[in-house]
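Descriptive analysis of the structure
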2 protein chains.
Amino acid sequence: MKIEKLSFADRATDLLRAEIVQGRLAPGTRLTEIDLATQLGTGRGTVRAALAALEAEDLIVKQPYTGWAVRDISQKTLWETYTLRCALEGLAARLVAGALTTEIRDALHAAFQRLEQAEASGDGGERVAADLGFHRTLVNLAGHDSLSRQYFALSNKFEWLYRWSENHWPSRIDLASWHRPIVDAVLSGDPDAAERAIREHGESSLADDLRDFAELRRQSA
Amino acid sequence: MKIEKLSFADRATDLLRAEIVQGRLAPGTRLTEIDLATQLGTGRGTVRAALAALEAEDLIVKQPYTGWAVRDISQKTLWETYTLRCALEGLAARLVAGALTTEIRDALHAAFQRLEQAEASGDGGERVAADLGFHRTLVNLAGHDSLSRQYFALSNKFEWLYRWSENHWPSRIDLASWHRPIVDAVLSGDPDAAERAIREHGESSLADDLRDFAELRRQSA
DNA sequence: TCGTTGGCGATTGTCGACAACCGCTAATCG
DNA sequence: CGATTAGCGGTTGTCGACAATCGCCAACGA
């Protein structure tokens, strides 16, 4: 049995990322190395490494000699993250559709069933988790390590925005019917159709969120 | 006048990246923090930050408690990098074609003219630089910060592979005619056509390189 | 009054020392 | 003889101390 032993720095990274992604650290929050170090019971160098990693994932920003802060969320942030995700998932869908195996079909079905169950349960947290899990599963099935790496960071950022927007305008889209076209297109084995399906999916979710974001702005103005 | 003052860590990152990308550090080369620190005349923490950054860019790999090493290059590395680049540039081409301005036309023309001049000069280094510059210009014209960020790291990796392959099998493709379809398609203002053009470009360069790579393997076997 | 300058508190940037860990070799023990 | 283990050299992992820099505010002078 191979046990993966994470360093303090890696654990600090995971912990801080979770804090941000799950919304416990609001956008704009300032982070100071010493505070985090004392809170985590670790040294400053360790925290520093974790912060640098999160900066590479574009979740926080650094101002030299001044401090770190959780990134702000703007309409452009939404647009950029959604379009980028669309491009990466398009590649993934294309690859998966072009190299179907029994394992892939099973994994996709499992991810989709989780969606259905989450929808049936009505549990908001599980709905989000199942949604994100479906997309992550699809990407990881592509057998493209670099893509999976890139997508890991991007999906965290996406999860952050997703949970943030769910707090501001809970949506009641039916997850199953929302994702079925993707599953169908990918399993059809047609790369073009698969890419088209995931793009339509991405574009309409972007449109929805931008609309809701604008609505939010208008109300608070 | 705003002067951008880089920290030692950032300069070390740039320096090490250049060493790798330009082929002065062969794939598989081991890197030890203390050696680098003494060579660069800096402390180990600084080098460590630089190495972590390069690991995030996927140019080097870390083995805990053991050491760092320049990544190896395999056929899969080529495939992954080319396909990923294709996906990102596809998004960029689509965006640029959909939002043409005079500045964009000028910048694209300038980048293309540099290609023509590089081809005419016959200078190998300048040919590579002009080729990479053209693609970077296109992506940065998309006005998509996250995309530019991601592409920055990817284009460095690509440059690394490009220069590496040029050392093993110098190609004599005509850069101007090779890239003209992209310029034409983007400037036509049709996002679909632009994406199609850059995809064909990427796919055929991948095919060429994979063929040459296989040839190289066959000869050395 | 307004712009400049000097100092101050806060935070990061850098560094070297020590601890933890890995891979290997050789000694040990059944 | 084979498997286990103890030790060793080498490298990274972690930490706290000190230096460099930034933003701010108040004192100062034209």
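Up top is the structure.
Predicted model only: the values in this text are computed from it and were never measured.

Let us now look at the relation of the copies chain B and chain A. The transformation that overlays chain B on chain A combines an axial shift of 0.0 Å with a rotation of 180 degrees, and the residual RMSD is 0.0 Å. Viewed as a symmetry operation, the transformation between the two copies matches a two-fold axis. Considering only C-alpha atoms, the residue of chain B closest to the rotation axis is Ala87 of chain B, which sits at 3.0 Å. An overlap of 100% is found between the interface residues of chain B and their copies at the interface of chain A, pointing to a shared contact surface.

Our next topic: the side chain of Thr77 of chain B. Residues and elements named next belong to chain B. With respect to the secondary-structure elements, Thr77 resides in helix α4 (residues 75-98). In this structure Thr77 comes out as buried when scored by relative accessible area, which is 3%. If near-sequence neighbours (up to four positions away) are discounted, Thr77 is found in contact with Arg71, Asp72, Lys157 and Leu161.

The environment of DNA strand C is made up of 22 residues, and the closest members are Arg44 and Arg48 of chain A together with Phe8, Thr42 and Gly43 of chain B. Taking all atoms of DNA strand C within 4 Å of the protein, the share assigned to sugar and phosphate is 73%. Here a base oxygen of DNA strand C and a side-chain polar atom of Arg44 of chain A are 2.4 Å apart. In this structure, Arg48 of chain A approaches DNA strand C through a side-chain N or O atom, which is 2.3 Å from a phosphate oxygen. Among the elements of the structure, β1 (30-31), α3 (44-56) and β3 (67-70) of chain A together with α1 (8-21) and α3 (44-56) of chain B are those that each provide at least two residues to the surface near DNA strand C. Residue composition of the surface near DNA strand C, grouped by class: seven nonpolar, eight polar and seven charged.

Let us now look at helix α2 (residues 33-40) of chain A. Residue and element names in this part refer to chain A. Those residues of α2 that sit buried are Glu33, Leu36 and Ala37. Burial along α2 is one-sided: seen end-on, the buried residues are contained in an arc of 100 degrees. Of the exposed residues in α2, those oriented more than 90 degrees away from the buried face are Ile34, Thr38 and Gln39. The inward-facing, buried residues of α2 abut α1 (8-21), β1, α3 and β3. Note on α2: the residue one or two positions beyond its end, Gly41, has a positive phi of about 65 degrees.

Parameters at a glance
Residues numbered from 1 in each chain as written. Chains lettered and ligands numbered in written order. Predicted model: local features only at pLDDT ≥ 70, side-chain atom pairs only at ≥ 80, totals over all residues. Heavy atoms only, no water. Least-squares fit on C-alpha atoms with pLDDT ≥ 70 in both. Contact = heavy atoms within 4.5 Å. Helix = DSSP H or I, 4+ residues; strand = E, 2+ residues; numbered from the N terminus. Buried < 20%, exposed > 50% of the residue type's maximum accessible area, 1.4 Å probe, protein only. Near = heavy atom within 4 Å. Polar contact = N/O pair within 3.5 Å; in protein donor to acceptor, adjacent residues only side chain to side chain. Nonpolar A, V, L, I, M, F, W, Y, C, P; charged D, E, K, R; others polar. Arc of directions from axis to C-beta.

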